[in-house]
Each structure stands twice: as C-alpha cells, then as structure tokens.
Amino acid sequence: MKPVELAQDTYWVGVVDYDHHDFHGYSMSPEGSTYNCYVIKDEKNVLIDTVPAGKAKTLLCRMAHVLQPEKIDYLVVNHMELDHEGSLAEVVAACKPEKIFCSTLGLKSMAGYYGKEMKDWPVQVVKSGDTISLGKHTLVFQETRMLHWPDSMVTYCPENKILFSQDAFGQNIATSWRFADEHDHSDLFHRVKEYYFNIVLPYSPQVLKTLPVVGSLDIAMIAPDHGLIWRGDMVKEIVDCYRTMAEQKPRQKAVVIYDTMWSSTERLAYGVCSGLEENGVPTTILSVKKNHHSAIMTALADASALAVGSPTHNNTVLPYIMSALTYIKGLRPKILVGGAFGSYGWSGESPKILQEYLAEMKCEMPADPVRVQWRPGHEAMAEAHELGRKMAECLKAKCQQ
C-alpha cells in the first residue's frame with residue numbers, strides 16, 4: 001500500500017477498486033475503477049479528497065507511508081459525491097484537521113449527507129480565486145459548478161503545476177499504473193469517451209466554459225479523482241479531447257439499436273445498416289439485449305445518427321429499447337438524424353412511438369418509420385434500406401454545413 005510520488009512532497013494515496021463495475025448507471029470495464037486522493041507535505045499538510053465508504057483504512061494505511069493521519073492539517077473536499085467522500089467522517093476522525101475546505105454548495109451537500117455528525121467540523125467555505133498557503137506550496141480554488149455537480153470545484157497548486165481536477169478528465173480504469181502514458185493509448189481514450197459520454201456529456205456547456213480557465217494555468221499534470229493521471233504532452237491531449245467531445249460537431253457515423261422477438265426486427269436493423277453504409281456512413285449495430293445502455297452511449301460518442309427498432313409488444317415497444325432511449329435522452333447527446341423501424345403481428349404501434357420519441361430528442365426524421373407485418377420480405381427489406389439511405393443523405397448534408 002505504498003504511495004506514489006507525483007512531484008516533490010506530493011503523493012497519490014488513493015484506492016484501486018477491482019470489484020466496482022457499475023458506476024452512475026453505466027457498466028464499467030471488468031477491471032473496476034480507481035478513487036484517487038492526494039497528499040501534499042509542507043508546513044501545513046493537506047489531503048485532497050477521500051474515498052468511498054469502506055475504503056478509508058486503505059487510504060489511511062497508504063498515507064501513513066508519507067505521514068501519520070493525525071499530522072494532516074487541512075482537508076480539501078472538491079466534490080461531495082459519496083464515491084469520493086463516503087469515508088469523510090472516518091477520515092476526519094482519524095486526521096482531526098484544523099480546517100476542511102469546500103465550496104458553498106459543497107457545504108450544503110456535506111450537511112445533507114452528514115448532518116449532526118459534522119456539527120463540530122472546522123469547515124471553511126471557499127470560492128473561485130481563493131488561495132491558501134501551505135508554506136512552500138499554494139492552493140488555488142476554482143468552482144466548476146455543474147461539472148458535474150453543483151458543488152464541484154478544482155484545486156490548483158502553481159508550485160508543482162498540478163491541477164487536482166476531481167471528476168473532470170477522469171476515466172474508470174483499475175490498474176497498477178498511475179500515469180496515462182503508461183497505459184495503452186487506444187484503450188485509454190476509449191475509456192475517456194466512455195466516462196465522458198456516460199457522465200459528463202449533459203454538462204458540455206460548462207466544460208466549454210471551464211476549458212479556457214484550465215488553459216490559462218501553467219499545468220504540467222492533471223490529477224483526477226478517477227483513473228490515470230495526465231502528465232507531459234498528454235495534458236494538452238486530454239484537454240483537446242475534452243473540447244472535441246464537448247463541442248459534439250457533426251460526425252458522419254451512425255448507430256442502429258434494436259430489440260427483436262423472432263428476428264424480424266433484427267433483419268430490418270441490418271437492412272437499415274446496409275442503406276447507411278452503402279451511402280457513405282459507417283454504422284454500428286447493437287442489440288439492446290446483448291449490449292448495456294452505457295455501451296450504446298459510448299458508441300454514440302462518434303456518431304450523429306441513430307436508428308431505433310422494436311417489434312410491437314402489448315401495443316408499445318419492448319422494455320429494453322425504452323430503457324436505452326430513456327438513458328440516452330437523459331444524457332442529451334447531439335443526435336442530428338433519427339430513424340425508426342419495427343415489425344408486428346397485429347397492432348404495430350412501436351415504429352410510430354419510436355419516431356415520436358426521437359423527434360422529442362430533436363432528431364431530424366428524414367423518412368417515415370418502417371412498419372412491417374410478420375416477417376420482412378424483399379419489399380420490406382428494400383424499405384429498410386431506403387430508410388438508411390435517406391438518413392445517410394440527411395446526415396452527410398448536415399456534416400457539410
């Protein structure tokens with residue numbers, strides 16, 4: 001349980017959790033996640049963030065290799081969500097800090113979670129631009145409201161040029177490596193997209209407002225509260241990646257999702273896909289039974305068109321499809337073009353329901369939904385192909401604007 005030195009007198013003392021596979025409603029990689037927190041040793045010693053409930057002993061043991069917990073003078077709480085502050089009471093009891101720094105709304109969150117338990121805690125509220133001196137080191141606070149909670153803030157140490165960024169720039173990776181440049185590059189940025197599009201995406205306007213603030217700082221390292229730490233040239237790479245993801249410029253790719261009962265709607269999904277692909281739009285097909293809704297959101301990171309198919313069941317769509325659409329709608333991706341299709345035996349309402357749902361998500365619908373009774377034959381498959389073609393033409397036109 002040794003710490004990892006990031007810079008002189010600055011250490012990672014977090015926890016790697018190999019057993020946490022569900023996070024914020026999305027299914028993480030088989031490896032789990034990391035809860036990062038940091039110690040700076042100085043005339044005043046500081047701990048930046050903590051870990052989930054049940055993980056405090058690991059944090060305190062790792063910290064003890066640097067200094068004993070009771071020698072912590074200050075505690076910084078960048079974000080009160082319980083994956084970072086679930087062990088806060090236990091850590092406060094062990095460290096007995098002189099001061100606990102948080103944002104105004106962080107105090108509200110803290111009171112909501114800890115109530116009377118925190119009545120004697122030495123909490124001090126800070127706002128953007130406030131600084132504290134540790135001796136040789138300075139901490140500068142910057143509120144980042146709605147990135148991704150109202151209470152969120154980041155902490156910058158100008159002497160070490162480190163930005164402690166809480167959830168921003170994080171990923172869910174459980175590994176023995178601590179730095180991003182030690183991990184496979186392709187897999188790393190897949191995890192970045194997975195994290196961003198399943199958690200941060202709705203707050204993209206706040207991301208775009210925050211990035212100029214980050215750009216104004218002299219940063220050699222970004223230390224998030226999840227995953228690997230960015231250093232060197234990778235600092236600019238992750239900031240640029242965040243800008244690209246937040247802007248969500250039109251992308252000439254599509255995703256087709258479907259559920260099926262007796263393979264009829266599945267056949268239509270492949271027909272729609274062929275219409276998209278044969279007209280210049282690379283497409284990913286995902287069965288909602290075989291792919292978690294978080295995998296669908298990650299696929300949408302590179303796509304601006306979405307086609308959705310479901311057979312009619314009990315006069316509506318199948319539940320896995322509606323669950324996926326509800327999840328997608330809540331994350332508010334910029335899906336520019338939509339399409340709906342489905343098969344039925346008797347009543348056939350599902351394609352219309354899907355069409356209306358996609359329209360509510362502000363997707364342009366360039367074609368009527370494809371509605372096929374029983375099994376699709378050649379004519380029905382041609383309709384599915386034509387839906388894909390019209391979606392492709394519409395998307396390409398938008399990408400050229």
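Residues numbered from 1 in each chain as written. Predicted model: local features only at pLDDT ≥ 70, side-chain atom pairs only at ≥ 80, totals over all residues. Heavy atoms only, no water.

## Looking at the overall build of the protein chain
The number of helices and strands found in the protein chain is 12 helices and 22 strands. C-alpha extents for the protein chain along the principal axes are approximately 80 × 40 × 35 Å. Classification of the 401 residues of the protein chain by burial places 57% in the buried group. Counting only contacts in the protein chain whose residues sit at least 6 apart along the sequence, the fraction spanning at least 24 positions is 73%. (Helix = DSSP H or I, 4+ residues; strand = E, 2+ residues; numbered from the N terminus. Buried < 20%, exposed > 50% of the residue type's maximum accessible area, 1.4 Å probe, protein only. Contact = heavy atoms within 4.5 Å.)

## Some words on the packing of aromatic side chains
In total, this model carries nine aromatic pairs according to the counting rule given. Geometrically, the ring pair formed by Tyr 196 and Phe 197 is tilted, given 5.8 Å between the ring centres and 55 degrees between the ring planes. Each member of the pair, Tyr 196 as well as Phe 197, carries the same accessibility label: buried. Ring pairing ties together the aromatic residues Phe 169, Tyr 196, Phe 197 and Tyr 242, which thus form one cluster. When the ring centre of Phe 179 is taken as reference, the NZ or CZ atom of Arg 231 above it lies at 3.8 Å. (Phe/Tyr/Trp six-rings, centres within 6.5 Å; stacked < 30°, edge-to-face > 60°. Lys NZ or Arg CZ within 6 Å of the ring centre and 35° of its normal.)

## Notes on the pattern of salt bridges
In total, this model carries 18 salt bridges according to the counting rule given. For the salt bridge of Lys 289 with Asp 259, the shortest nitrogen-to-oxygen distance reads 2.4 Å. Placement of Lys 289 in the loop between β19 (283-287) and α9 (293-299) and of Asp 259 in the loop between β18 (254-258) and α8 (264-277) is noted, with a sequence separation of 30 residues between them. Where Arg 389 meets Glu 386, a salt bridge forms, and the shortest distance between an N and an O atom there is 2.7 Å. (Salt bridge = Lys/Arg side-chain N within 4 Å of Asp/Glu carboxyl O.)

## As for the side chain of Asp 17
Looking at the element boundaries, Asp 17 is found in strand β3 (residues 15-17). Asp 17 sits in the buried class, given a relative accessible area of 9%. Among the polar contacts listed, one links the side chain of Asp 17 to the backbone nitrogen of Asp 19, at a separation of 3.0 Å. When residues no more than four places from it in sequence are discounted, the contact partners of Asp 17 are Glu 31, Gly 32, Ser 33, Tyr 35, Lys 55 and Ala 174. (Polar contact = N/O pair within 3.5 Å; in protein donor to acceptor, adjacent residues only side chain to side chain.)

## A word on helix α12 (residues 378-400)
Given 3.6 residues per helical turn, the α-helix brings residues three or four places apart onto the same face. End to end, α12 covers 33 Å across 23 residues, agreeing with the expected 33 Å (1.5 Å per residue, within 8%). Among the residues making up α12, those that are buried are Ala 380, Ala 384, Leu 387, Gly 388, Met 391, Ala 392, Cys 394, Leu 395, Lys 396 and Lys 398. Buried residues along α12 sit in contact with α8, β20 (305-309), β21 (337-344) and β22 (370-373). (Expected span 1.5 Å × (residues − 1).)

## Some words on the sheet that holds strand β11 (residues 123-125)
Sheet strands pair by backbone hydrogen bonding; their relative direction is either parallel or antiparallel. Strand order across the open sheet formed by seven strands is β1-β2-β7-β8-β9-β10-β11, with mixed pairing between neighbours. Each edge of the open sheet is held by one strand with a lone partner, namely β1 (4-7) and β11. Looking at each pair of strands side by side, their axes are set apart by 25 degrees on average, direction ignored. Two elements, strand β9 (residues 74-76) and strand β10 (residues 99-102), share three bridges in a ladder whose sense is parallel. Bridge assignment links Tyr 74 to a residue of β10, and that residue is Lys 99. Lying on the sheet, helix α4 (residues 104-114) is in contact with β10 and β11; it crosses β10 at an angle near 115 degrees. (Pairing = 2+ DSSP bridges. Axes fitted to C-alpha atoms, helices over the stretch in contact; angles between N-to-C directions.)

## Focus: the state of the cysteines
Under the definition given, this model contains zero disulfides. Take Cys 95: it sits in no disulfide, and the sulfur closest to it among the cysteines is that of Cys 37, at 10 Å. For Cys 95, a relative accessible area of 3% corresponds to the buried category. Cysteine Cys 241 shares no disulfide, and the gap to the nearest cysteine sulfur, in Cys 399, comes to 19 Å. Given the relative accessible area of 15%, Cys 241 is considered buried. (Disulfide = S-S within 2.5 Å.)

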